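# Per-entry structural report
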Amino acid sequence: MLRIAVPNKGSLSEPASAMLHEAGYRQRKDRRELVLVDAENEVEFFFLRPRDIAVYVGSGKLDIGITGRDLLLDSGSPAEEIMQLGFAGSTFRYATRPGTAKDVTEFGGMTVATSFSGLVTQHLADNGVDASVVHLDGAVETAIQLGVAEIIADVVETGTTLRNAGLEIIGEPILKSEAVVIRGTGAPDDDPKVRQFLRRMQGVLVARRYVMMDYDIRVEHVEKAVALTPGLESPTVSPLHHEGWVAVRSMVPSKEAQRIMDELYDLGARAILTTGIHACRL
Ligand SMILES: Nc1ncnc2c1ncn2[C@@H]1O[C@H](COP(=O)(O)OP(=O)(O)OP(=O)(O)O)[C@@H](O)[C@H]1O
Ligand SMILES: O=P(O)(O)OC[C@H]1O[C@H](OP(=O)(O)OP(=O)(O)O)[C@H](O)[C@@H]1O
Ligand SMILES: [Mg+2]
């Protein structure tokens, strides 16, 4: 059985379970369930605190896990990122009250409050800055108001939380994060169960990012049309009963589908349809 760690709480939990469900795995119905066996797929899921996942996977007790890149790097665990999952995107940044400091080089003698003290301690050391780090569990924005620190380092998605606390982002992002699949370093590259799991997750990403596009077009315009819809490999072009016309079928990125449909229409394509992709293996 493949043993997989899944976040049991927080921002990563629901999207991770939704993605696993789309990939055909059983997921828990009760949030208090901590272990779930999916016998049909020969997988055992362990629902763990997102922060602990890199520790379990790095120790080799679990084969793979889903966590945030920021949590993986903060843990210092010997686990490695093997796939990006495209959700829980954020940056990790310093912020402070206007006028306190411009960037990390000016933090000498100050205190930085954060829930990611491993990451911040490393970043300060990399920049040769002698500042103190205070570890807090969450809601770190308030640490400045309460005089615990002059600077905070935290996850930023929209920036609303910082703005509401009267703080401004300073310097370059410490890192860009998203949900990732991790495995222990030294685990074999070619484990067929892990490969199958990654293929399924990749299938979900493709199904989410692409739509299938079908259209009819006159033969003389087909080269220009397929240049707009090259597909992942190559589009399927089939003859139509109506002479001089062909039908084209190709995968296109969903974000660009409307623009491509407009351009195809202008080229003379008709009966342009898009349909969602439910699942796929590339
Ligand atoms: N607002 C957000 N947008 C995107 N990702 C986020 C956001 N907040 C946290 N994350 C990501 O979620 C992970 C942190 O998960 P964790 O469950 O520990 O914290 P949380 O989602 O803030 O939940 P909690 O309520 O327990 O603090 C990190 O990878 C982080 O980058
Ligand atoms: O840039 P934004 O869109 O505002 O999102 C970022 C905020 O979201 C998370 O907080 P969360 O609500 O999880 O609270 P926490 O600080 O207690 O973890 C994170 O810690 C930031 O505070
Ligand atoms: Mg949080």
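All values reported here derive from a predicted model rather than from experimental measurement.

Here six strands make up an open sheet; going across it, the order is 2-3-1-4-11-5 and the pairing mixed. Every interior strand has two partners, whereas the edge strands, strand 2 (35–38) and strand 5 (79–84), have only one. Strand-to-strand twist of the sheet, defined as the mean angle between neighbouring strand axes without regard to direction, takes the value 30°. Note that strand 5 and strand 11 (residues 179–184) share five bridges and pair antiparallel. If you follow Gln84 over to strand 11, its bridge partner there is Val180. Seen against the sheet, helix 1 (residues 13–22) touches strand 1 (2–7), strand 3 (43–48) and strand 4 (64–68) and runs at an angle of roughly 140° to strand 1. Helix-sheet contacts for helix 2 (residues 50–58) involve strand 1, strand 3, strand 4, strand 5 and strand 11, and the interaxial angle to strand 4 is about 145°.

Turning to the UniProt feature "domain: ATP phosphoribosyltransferase catalytic" (unreviewed entry) in the chain, a few remarks are in order. Cross-referencing UniProt, the feature "domain: ATP phosphoribosyltransferase catalytic" (unreviewed entry) maps to residues 49–203 in the present numbering. Between the end C-alpha atoms of residues 49–203 the distance is 26 Å, and the span holds 30% helix and 31% strand.

This brings us to the packing of aromatic side chains. If you walk through the whole model with that rule in mind, you get four aromatic pairs. Their ring planes at 80° and their centres at 5.7 Å tell us that Tyr25 and Phe45 sit as a pair that is edge-to-face. Of this pair, Tyr25 sits in the loop between helix 1 and strand 2 while Phe45 sits in strand 3, and the two are 20 residues apart along the sequence. In this pair, the class of Tyr25 matches that of Phe45, namely buried. For the pair Tyr25 and Phe197, a centre-to-centre distance of 5.7 Å together with 40° between the ring planes defines the contact as tilted. Here Phe197 lies in helix 7 (residues 192–209) and Tyr25 lies in the loop between helix 1 and strand 2, a separation of 172 residues in the sequence. Across the pair, Phe197 and Tyr25 agree in class, each one buried.

For the rest of this paragraph, the subject is the site of ligand 2. Around ligand 2, the surrounding shell consists of Gly138, Ala139, Glu141, Asp154, Val155, Val156, Glu157, Thr158, Gly159, Thr160 and Thr161. Ala139 places a polar main-chain atom, nitrogen or oxygen, 2.9 Å from an oxygen atom of ligand 2. Within the backbone of Gly159, an N or O atom sits 2.7 Å from an oxygen atom of ligand 2. Protein chains bury 61% of the 490 Å² of accessible surface belonging to ligand 2 in isolation. Looking at side-chain class alone, the shell around ligand 2 contains three nonpolar, five polar and three charged residues.

Next up on the list: the site of ligand 1. In the region of ligand 1, 13 residues are neighbours, and Gly10, Ser11, Asp70, Ser90 and Glu157 sit closest. Ser11 has a polar side-chain atom sitting 2.4 Å from an oxygen atom of ligand 1. Ser90 has a polar side-chain atom sitting 3.2 Å from an oxygen atom of ligand 1. Protein contact buries 66% of the 590 Å² of open area that ligand 1 shows by itself. For the shell around ligand 1, the per-class residue count stands at five nonpolar, five polar and three charged.

Attention now goes to the UniProt feature "domain: Histidine biosynthesis HisG C-terminal" (unreviewed entry) in the chain. Sites flagged by UniProt as "domain: Histidine biosynthesis HisG C-terminal" (unreviewed entry) map to residues 207–278. The distance separating the terminal C-alpha atoms of residues 207–278 is 6 Å; by composition the span is 29% helix and 40% strand.

Conventions we followed
- Residues numbered from 1 in each chain as written.
- Chains lettered and ligands numbered in written order.
- Predicted model: local features only at pLDDT ≥ 70, side-chain atom pairs only at ≥ 80, totals over all residues.
- Heavy atoms only, no water.
- Pairing = 2+ DSSP bridges.
- Helix = DSSP H or I, 4+ residues; strand = E, 2+ residues; numbered from the N terminus.
- Axes fitted to C-alpha atoms, helices over the stretch in contact; angles between N-to-C directions.
- Contact = heavy atoms within 4.5 Å.
- UniProt positions renumbered as here; feature names shortened; annotations may be inferred.
- Phe/Tyr/Trp six-rings, centres within 6.5 Å; stacked < 30°, edge-to-face > 60°.
- Buried < 20%, exposed > 50% of the residue type's maximum accessible area, 1.4 Å probe, protein only.
- Near = heavy atom within 4 Å.
- Polar contact = N/O pair within 3.5 Å; in protein donor to acceptor, adjacent residues only side chain to side chain.
- Areas by Shrake-Rupley, 256 points an atom, 1.4 Å probe, with all protein chains shown as cover.
- Nonpolar A, V, L, I, M, F, W, Y, C, P; charged D, E, K, R; others polar.

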